[in-house]
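Descriptive analysis of the structure
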Amino acid sequence: MAGRINDDDVKAVRDAVPIDSVVSEYLQLRNAGGGNLKGLCPFHDEKSPSFQVSPSKGLFHCFGCQEGGDTIAFVMKIDHLSFSETVERLAAKAGITLRYEEGGYNPSHQRGERIRLIEAHQAAAEFYVRALESPEAEIGRTFLAERGFDQDAAAHFRVGYSPAGWDHLTRYLRGKGFSDKELITSGLSQDGRRGPIDRFRGRLMWPISDTAGDIVGFGARKLRDDDNGPKYLNTPETPIYKKSQVLYGIDLAKKDIAKASRAVVVEGYTDVMACHLAGVTTAIATCGTAFGNDHIKILRRLLMDNGSARVIFTFDGDAAGQKAALRAFEDDQKFAAETYIAIAPDGMDPCDLRLVKGDDSVRDLVEPRTPLFEFALRQIVGRYDLETPAGRAAALDEAAAVVAKIKTSSVQREVAVQLAGLVGILDQEFVVHRVAQLARWARDKGGDHGGRGGPPGARGPRGGAPQQAAPAPAFSGPALNLRSPAHRTERELLKLALQKPALVSPAFDAYGVDEFTAPPYAAVRECIEEAGGAEQGVADDRAYLGAVLDAAPDNTVRNLVTELAVEVFHGKSIDETYAGMHLVHVRLRAVDRRIADVQSSLARLGTNVAPQDLAAAQNEVWVLQQYAQTLRAHGAAAL
């Protein structure tokens, strides 16, 4: 049975791996002010960044879907790992050797499945790279050379070769301590008559990495005529490889995609290589499947959906390429980026173009020229005889149905006007009306009553600022009302206690849970109390926040803690004066509420109250009133 990871080692891992460096492996982060960073949330679909990271606190929080936590929680959530798997992965990144309690540590048995499968792929990639240097792999080296790729290019992209024998890799990985079950599960081996055999044999191998840079699969190209398999053979679906969720080259291209706000989508491994070697380092490709929703989500998180973002698709000029372009246009609205299409002269792909005409021609190819929607409509309209009324009507019917899918009404109208020009119909308003009519029919049929412009946040291929409505937090108590001055002040004070504990300590620790009128805020105050108070945060900020999170009774409260720990302050100068003002306001409201409660009780009792109880109540009110006057006169000095 696997031992429990030592608590001190878990803390060391949390402290050693900066949360912003980990999150940046999956999405682009930008300055959010107050030392925080922001980006598009990887856990829900959004078009305006509501995901914030606080490097100083080691926490993240999404104000849209309420996901939050520390570095470990982020990796667990995004990569679907267990706690121990995540700690092991981050420890390896930080170079920390973990200690296990309740027994010895046997890596081959105690490391999580995902980590074991990734390690198997890493070992396989190294095996394939070495095999490319063998005499048998001459055919593979020739294939690369004929396409303009030398030894350095092969090394940069970690291209390898799988030997033609039955079980060369299988035996190698067994020698590395991997079990037959792990080899089958990974997709590197498959069942044979006498046990596992290599899945890939006698092929050129491209490693496929996820956004974090971990190798999760391979693409294999046929080299010999006697190979009866498909031209390209990819890793099958496995626990770590989902072809609809990976993009070849994303590990190499992600930083430049984020920096340039631009991505180039090509069709194959050699096209990615050609583009990168030609200086187009934002090129990526799908792995044996059409470009779809999950691919869009990956790119959107890197592009940040700003107004200058560009996505350029390169497709062959043949029928298959045109079909791919139309399919891409179907998903075009899911981007906030401008989308374009690039088709090389004579239908050459980027690899052929670089070989025939050089690097400059590849760079020139991917300069945005033709908007994707315009290309898609031209492909549709081009199939009809526009010289006849019947041909124009048929072209309009098919193309208008496509334009009607654009959910932003202003963009829909703009494209409809351009469609009128493509079809040759002078009455533009007729075409606009026809498209709008088809859009209404589609909404009625699908039960979408969200209004003429479609749901908030949707947009078409050419612009329009997206707006994303964030769902309300799912608190079990009464809803927070941030229009309430009391709730706003309590929220700000809790943020100070979590983010700037030195400014409110030790006064804050004398505040009772009942001084916070919003139940969610009272729950956070209780967590701080159980963690030893804000005073604990003065000495060790990270440990203090960890203790507060550990004290949370459920995920709802835990998520609110992370939200408050990363949210920016409303004030311009966050200093002792600012902190004192909020300490005083929260205490004053608590005092005023207590005075009102006592006076209300006396009013209800009337003459039925005992004389000694009446005197005690009146004395309490007098004392509280004097305290309130002192607070108003002297501020935080009276606390």
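In case you missed it, the structure is sitting above this.
Residues numbered from 1 in each chain as written. Predicted model: local features only at pLDDT ≥ 70, side-chain atom pairs only at ≥ 80, totals over all residues. Heavy atoms only, no water.

**Quick word on the packing of helix 21 (residues 485-499) against helix 26 (residues 555-566)**
Between helix 21 and helix 26, the least distance of the axes is 8 Å, while the angle of their chain directions is 80°. Considered as vectors, helix 21 and helix 26 are oriented roughly perpendicular to each other. Residues Arg491, Leu494, Lys495, Leu498 and Gln499 of helix 21 form the contact with helix 26, whose participating residues are Leu560, Val561, Glu563, Leu564, Ala565 and Val566. Per-class residue counts for the contact of helix 21 with helix 26 are 7 nonpolar, 1 polar and 3 charged. (Axes fitted to C-alpha atoms, helices over the stretch in contact; angles between N-to-C directions. Helix = DSSP H or I, 4+ residues; strand = E, 2+ residues; numbered from the N terminus. Parallel < 35°, antiparallel > 145°, perpendicular 65-115°, else oblique. Contact = heavy atoms within 4.5 Å. Nonpolar A, V, L, I, M, F, W, Y, C, P; charged D, E, K, R; others polar.)

**Some details on the nonpolar core**
Among the nonpolar cores identified, the biggest contains 44 residues, and Leu144, Val159, Leu204, Trp206 and Tyr248 are the most heavily contacted of them. For this core, the element with the highest residue contribution is helix 12 (residues 269-277), accounting for 5 residues. Apart from the residues within four sequence positions on either side, tyrosine 248 is in contact with Phe157, Trp206, Pro207, Ile208, Tyr269, Val272, Met273, Ile284, Ala285 and Cys287. In terms of nonpolar packing, the next biggest core, distinct from the first, is built from 36 residues, Ala497, Ala531, Ala534 and Ala565 among them. (Core = buried A, V, L, I, M, F, W, Y, C linked by side-chain atoms within 4.5 Å. Buried < 20%, exposed > 50% of the residue type's maximum accessible area, 1.4 Å probe, protein only.)

**Some thoughts on the packing of aromatic side chains**
Taken as a whole, this structure holds 16 aromatic pairs when the rule is applied. A centroid spacing of 5.0 Å and a plane angle of 35° characterise the contact between phenylalanine 127 and tyrosine 172, whose relative ring orientation is tilted. Within this pair, whereas phenylalanine 127 is found in helix 6 (residues 113-131), its partner tyrosine 172 is found in helix 9 (residues 168-175), the two being separated by 45 residues in sequence. The buried category is assigned to phenylalanine 127, whose relative accessible area is 13%. With centroids separated by 6.3 Å and ring planes inclined at 15°, the aromatic side chains of phenylalanine 508 and tyrosine 511 adopt a geometry described as stacked. Overall, phenylalanine 508 belongs to the buried group, its relative accessible area being 0%. (Phe/Tyr/Trp six-rings, centres within 6.5 Å; stacked < 30°, edge-to-face > 60°.)

**Observations regarding the sheet that holds strand 17 (residues 338-342)**
As a general point, the strands of a sheet are linked pairwise by backbone hydrogen bonds and lie either parallel or antiparallel. Pairing is mixed in the open sheet, where 5 strands are placed in the order 15-14-16-17-18. Of all the strands in the sheet, the pair left with one neighbour each is strand 15 (283-285) and strand 18 (370-371). Here strand 14 (residues 262-266) pairs with strand 16 (residues 310-314) via 4 bridges, running parallel. Its bridge partner being in strand 16, valine 264 is matched across the sheet by isoleucine 312. Lying over the sheet, helix 13 (residues 293-303) contacts strand 14, strand 15 and strand 16, oriented at roughly 155° with respect to strand 14. (Pairing = 2+ DSSP bridges.)

**Quick notes on the environment of phenylalanine 218**
As for its placement among the helices and strands, phenylalanine 218 is situated in strand 12 (residues 215-222). A relative accessible area of 1% places phenylalanine 218 in the buried class. Spatially, the C-alpha atoms of phenylalanine 218 and leucine 204 are 9.9 Å apart, while their sequence positions differ by 14 residues.

**Things to note about the sheet that holds strand 5 (residues 59-62)**
Strands sit in the order 2-3-4-5-6 across an open sheet of 5 strands; the sheet is antiparallel. Unpaired on one side and paired on the other, strand 2 (30-33) and strand 6 (68-70) mark the two borders of the sheet. Sheet twist, expressed as the mean angle between neighbouring strand axes with direction ignored, is 25°. By the bridge criterion, 4 bridges tie strand 4 (residues 51-54) to strand 5 in an arrangement that is antiparallel. When the sheet's bridge partners are listed, phenylalanine 51 is paired in strand 5 with cysteine 62.

**Quick look at the state of the cysteines**
Per the stated rule, a full pass over the model turns up 0 disulfides. Looking at the unpaired cysteine 65, the closest cysteine sulfur is the one in cysteine 62, lying at 3.7 Å. Not part of a disulfide, cysteine 351 finds its nearest cysteine sulfur in cysteine 275, a span of 9.4 Å. Look at cysteine 351 and you get buried, because its relative accessible area is 3%. (Disulfide = S-S within 2.5 Å.)

**Let's talk about the side chain of serine 209**
Residue position: serine 209 is located in strand 11 (residues 203-209). Within the local environment of serine 209, its side chain forms a polar contact with the side chain of arginine 158, the two groups lying 3.3 Å apart. Ignoring any residue separated from it by four or fewer positions in sequence, one finds serine 209 in contact with Arg158, Asp214, Ile215, Val216, Leu247, Ile250 and Asp251. (Polar contact = N/O pair within 3.5 Å; in protein donor to acceptor, adjacent residues only side chain to side chain.)

**Thoughts on helix 1 (residues 7-16)**
Structural remark: α-helix, 3.6 residues per turn; residues separated by three or four positions point the same way. Where helix 1 is concerned, the buried positions are Asp9, Val10 and Val13. For helix 1, the buried positions fall inside an angular range of 105° around the axis, keeping them on one side. The backbone nitrogen of aspartate 8 lies 2.8 Å from a side-chain oxygen of the residue at the head of helix 1, namely asparagine 6. (Arc of directions from axis to C-beta.)

**Side note on the pairing of strand 9 (residues 189-192)**
As judged from the 4 bridges shared by strand 9 and strand 10 (residues 195-198), these two strands associate in the antiparallel manner. What sits directly across from glutamine 190, in strand 10, is isoleucine 197. Here strand 9 folds back onto strand 10 in antiparallel fashion, the turn holding 2 residues.

**Describing unusual backbone geometry**
The peptide bond linking serine 505 to proline 506 adopts the cis configuration, its omega dihedral lying at 5°. Locating proline 506 in the fold gives a position in the loop between helix 22 (501-504) and helix 23 (519-530). Residues other than glycine seldom take positive phi values, yet glutamine 66 does so here, at roughly 70°. Residue placement: glutamine 66 occurs in the loop between strand 5 and strand 6. What makes glutamine 66 buried here is its relative accessible area of 11%.

**Structural notes on helix 19 (residues 409-423)**
End to end, helix 19 covers 21 Å across 15 residues, agreeing with the expected 21 Å (1.5 Å per residue, within 8%). Buried residues of helix 19: Val411, Gln412, Val415, Ala416, Leu419, Ala420 and Val423, and no others. Taken from the residues just after helix 19, glycine 424 is the one with a positive phi, measuring 90°. (Expected span 1.5 Å × (residues − 1).)

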